[in-house]
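# Observations on the three-dimensional arrangement
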Amino acid sequence: GMPAGGVYANAGADSTVAFSAPSVDIPLNRSSSFGATSYVWSVQPVPAGASIVSADPVTGTATLRVQSPGVYVVQLQASDGASTDTATRQITVN
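Throughout, residues of each chain are indexed from 1 in the direction in which the sequence is written. Only residues with pLDDT of 70 or above have their local features reported here, since the model is predicted, and side-chain atom pairs are shown and tallied only from 80 upward, although totals for entire chains, interfaces and linings are computed over all residues. Only hydrogens and water are removed before side-chain values are computed, so all heavy atoms of the structure are retained for them.

Stacked, tilted and edge-to-face are the three classes assigned to paired rings of Phe, Tyr and Trp, where Trp is represented by its six-membered ring and a pair needs centres within 6.5 Å; plane angles under 30 degrees give stacked, over 60 edge-to-face, the rest tilted. For the structure on display, the rule yields one aromatic pair. Ring centres of Tyr8 and Phe34 lie 5.5 Å apart, and the angle between their planes is 35 degrees; this geometry places the pair in the tilted category. A residue pair is termed long-range when its members are at least 10 positions apart, and Tyr8 in the segment before strand 1 (15-17) and Phe34 in the loop between strand 2 (24-28) and strand 3 (38-43) qualify at 26 residues. A helix here means a DSSP run of H or I that spans at least four residues, while a strand means a run of E at least two residues long, and both kinds are numbered starting from the N terminus.

Now the structure itself:
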């Protein structure tokens, strides 16, 4: 989205990942985000089967663990303590 204050969030480009049982770990990073001092990743609850299993709020890196095929949407929230910007990324696992 548009920068809020001096903060810009970019969750990265949409992507497709091959599923392999029992689960697949997908690395997430802050891409071209800038101006933030902390980053929070989340994944939309529908469909079920995906979770954020590790995340570093300072570097903006995280791991999305997917336990079943589907189309998942992750959100990155970037903040500098005063302003916050959010961005989403769609990840198709099949």
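Let us look at the nonpolar core. Among buried residues, those of type Ala, Val, Leu, Ile, Met, Phe, Trp, Tyr and Cys that are joined through side-chain atoms within 4.5 Å constitute a nonpolar core. Each residue is placed in one exposure class: buried if its accessible area under a 1.4 Å probe, protein chains only, is under 20% of its type's maximum, exposed if it is over 50%, and partly exposed if it falls in between. Ranked by internal contacts, the top residues of the largest apolar core, which has 22 residues, are Leu64, Val66, Ile91 and Val93. Listed by contribution, the elements that provide at least two residues to this core are strand 2, strand 3, strand 5 (61-66), strand 6 (70-79) and strand 7 (84-93). The leading source of residues in this core is strand 6, at four residues.

This next bit is on the sheet that holds strand 5. Strands pair in a sheet through their backbones, by hydrogen bonds, and they do so in one of two ways: parallel or antiparallel. A strand pair is defined by DSSP finding two or more bridges across the two strands. If you walk across this open sheet you meet the three strands as 2-5-4, and the pairing is antiparallel. Every other strand in the sheet has two partners, leaving strand 2 and strand 4 (50-56) as the edge strands with one partner each. Taking each pair of neighbouring strands and ignoring which way they run, the sheet shows an average axis angle of 20 degrees. Examined bridge by bridge, strand 4 and strand 5 share six bridges and lie antiparallel to one another. Directly across from Ala55, in strand 5, lies its bridge partner Ala62. A fitted line through C-alpha atoms serves as each axis, taken over the contacting stretch for helices, and the angle formed by two N-to-C directions is quoted from 0 to 180°.

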